[in-house]
Structure formats: structure tokens, C-alpha cells
Amino acid sequence: MQIYLPIADLPVNIFLVFGMGLAVGFISGMFGIGGGFLMTPLLIFTGITPAVAVATVTSHIAASSFTGAINYWRKRAVDISLALMLLAAGIVGTAAGVWLFTVLRAVDQLDLVIGLSYVTLLTAVGALMINEGVQAELRARRGGPAMLRRPGSHTFVHGMPLKMRFKRSKIYVSVIPVWGIGFMIGFIGAVLGIGGGFLLVPMLIYFLRVPTATVIGTSMVMTLITMTSATVMHAATNHLVDAVLALILMVGGVIGAQFGAHTGQRMRAERLRLLLGLLVFMVGMRFAYELVVRPDELYSIRMVRFD
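Residues numbered from 1 in each chain as written. Predicted model: local features only at pLDDT ≥ 70, side-chain atom pairs only at ≥ 80, totals over all residues. Heavy atoms only, no water.

### A short note on the overall build of the protein
Piece 1. Along the backbone of the protein there are 10 helices and four strands.
Piece 2. When the elements of the protein are put in sequence order from the N terminus, they spell out β-β-α-α-α-α-α-β-β-α-α-α-α-α.
Piece 3. Put simply, the protein has 307 residues, and 47% of those count as buried.
Piece 4. Sequence separation of 24 or more characterises 77% of the internal contacts of the protein that already satisfy a separation of 6 or more.
Piece 5. Roughly 15800 Å² of accessible area belongs to the protein as shown, and the carbon and sulfur atoms make up 68% of that amount. (Helix = DSSP H or I, 4+ residues; strand = E, 2+ residues; numbered from the N terminus. Buried < 20%, exposed > 50% of the residue type's maximum accessible area, 1.4 Å probe, protein only. Contact = heavy atoms within 4.5 Å. Areas by Shrake-Rupley, 256 points an atom, 1.4 Å probe, with all protein chains shown as cover.)

### What to know about the confidence of the model for the protein
Piece 1. Summarising the model, the protein shows a mean pLDDT of 75, and 78% of its residues fall at 70 or more.
Piece 2. In this model residues 148-152 is a low-confidence stretch, pLDDT under 50, and it forms six contacts with partners more than four residues away in sequence or in other chains. (pLDDT = per-residue confidence, 0-100.)

### A word on the environment of Gly115
Piece 1. One can find Gly115 in helix α5 (residues 110-141).
Piece 2. For Gly115, a relative accessible area of 2% gives the class buried.
Piece 3. C-alpha of Gly115 to C-alpha of Gly284: the two residues are 169 residues apart in sequence and 9.2 Å apart in space.
Piece 4. In this structure Gly115 touches Phe287 and Leu291, once residues within four positions along its chain are discounted.

### As for the environment of Ala55
Piece 1. Turning to its location among the elements, Ala55 is positioned in helix α3 (residues 50-74).
Piece 2. Among the residues examined, Ala55 registers a relative accessible area of 0% and is labelled buried.
Piece 3. The sequence separation of Ala55 and Met233 amounts to 178 residues, and the corresponding C-alpha distance is 9.2 Å.
Piece 4. The residues contacting Ala55, other than those within four sequence positions of it, are His234, Leu240 and Val241.

### Concerning the nonpolar core
Piece 1. Ranked by internal contacts, the top residues of the largest apolar core, which has 67 residues, are Phe37 and Leu43.
Piece 2. Contact partners of Leu43, with chain neighbours within four places excluded, come to Met20, Ile48, Ala53, Val57, Leu245 and Leu249.
Piece 3. By size, the runner-up hydrophobic cluster in this structure holds five residues, among which are Ala69, Ala83, Val221 and Leu224. (Core = buried A, V, L, I, M, F, W, Y, C linked by side-chain atoms within 4.5 Å.)

### With respect to the packing of aromatic side chains
Piece 1. Scanning the entire structure with this criterion turns up one aromatic pair.
Piece 2. Both rings, one in Phe183 and one in Phe187, keep their centres 6.2 Å apart while their planes meet at 10°; by these two values the pair is stacked. Placement of both Phe183 and Phe187 in helix α6 (residues 175-192) is noted, with a separation of four residues, approximately one turn of the helix.
Piece 3. Relative accessible area serves as the criterion here: at 34%, Phe183 is assigned to the partly exposed category.
Piece 4. By relative accessible area, which is 26% here, Phe187 ends up partly exposed. (Phe/Tyr/Trp six-rings, centres within 6.5 Å; stacked < 30°, edge-to-face > 60°.)

If you want it as C-alpha cells, here you go:
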């Protein structure tokens, strides 16, 4: 069954799009991530232009983060002051990302930048996660602790000035790295169409020593607001958010997430990290293949409108 996407200007199979939403939702629920780093490449692989894929997936991520953010808020598992500090720089990073997105699209370099960025980001993060996951799995099989991180240890960021106390997370750190992390997550999310949860959560845990009890809820609030802002900015600036496509993906994602969460609860944490690392790495390699393989058509014609 074909359906026409007005913004993408492309007919697609509605069951294929729904199936992608279902699959990514399942993976999101199983690993506790937003899934934008999977959804955006899948849409690009099916023929949707990277510009429309990135802009539309931001709305999908925002919607999928809303329920989780509300649940963690009710459980008082959100550090409001930390979230506000992250968002202060995250909104600025999102605006900068949308500006760069618009500039790259105007000079016809957006597709190349998105492809190279996904290859670099996903292969690097995937390789690190695979290495950490394999080591944790080996330690667990030998009967040792899966995690070797010492919660009381400090990193270089704890020696920076402008320190602030975050009572809910029980940490006392400089706001400079907090702003830096928030800006980077907002910027990457706007340019690549990813929520950044798979980057934000490890950064908060390993760099700022934020407890796991509050890190996920705080990350979801950050993702919700930055992706909502990115959606509004993309819609107002570039007019690339396809509401029909986003709606189908949302329905499939919500259904798949329920089954994924149930499956993820039955697996060990170190095995989940290893599987997620393999998944991230394989998507990065798939993007690398797309960049080097000879295209079916060497040239394309695009209509340009001058307002």
C-alpha cells in the first residue's frame, strides 16, 4: 500500500515505514535510547533525502521522549537544575545546528556532511561500546564485577571554575563542562537528527559522575526540549518536517517500544551494551558503504526555487 509524502515528494510503502517505526521502537525500548541514530539512516536508505529525514526524525524523537520524561518526572528522578543548565546551552547548540544545516543545504553539501558525520560518529562510538561490552562480558563470566568505575573518583572537569551544586544528583562540578555537553548534544541533534541519548548518558555518568538514578530522566527531559526546538526551527526555517511520515513512525515506535522494554528487562546489562555497540557500529559501516559504492545514477537534477 503506497502513500504519498508531501514534503519528501516521494511515494512510500506505508507498511515499510510502519515496520521501520516498529523495529526502531523495539530497539529503543530494549536499550533505553531514542533511536534517532537508527531511524534517520533507515529513512535515507529507503530513498528519502537526508534533509527531510533529519528534520522529520526530530519530531519522532521528541514524541517518543515525552512519555519517558513524564514518568521519570513523577518518580522525582529528574535533576531540574542540571537539566536547566544543559538546556541553557542545548537550545543555543540546536539553533547553531539548524543554522549550519540551512547553510550546508544551500551550498549542496548537506548530504555529504551528514554521511561523513554518521560514519565517524557511529563507528567510533560503536567500537568503544563493543570494546567496553566485551570486557564487561568477560569479567562477568569470570565472576568479577561488570563495572570497574569508582563512583568516588574525580576527573579533570572537577577542577574547573564556576562550580555549582546539583542537589538531586549530589554532585558539585563546574558549569563549563555542563554547558559544553549541552551545546554539543543540541548541535549534533539538529544537524544529524539524533536525540543524542546514547552520547549524553555516558558523558553525564563518566565525566560528571551523575548517578544512574537521575541520569536517564534528566537525559530524557533534555532530549524532549532540544528535539522539540529542533522540530520547530526546521519547520519554520527549512519547511522539511513531513507530518505524515512522522505520524506513521510515531505509531509504530510506540507499539514497538512496549515489546522492546519487556525483552530488555530479561537480558544482562553488559550484554545489552555489547549488542548496542555492535548495532551502532554496523549502521556506521553501512553508511560508509553508501559513501564509496558507485551510485546507479551518476547525475541528478534538482529543481531550485527562488523566492
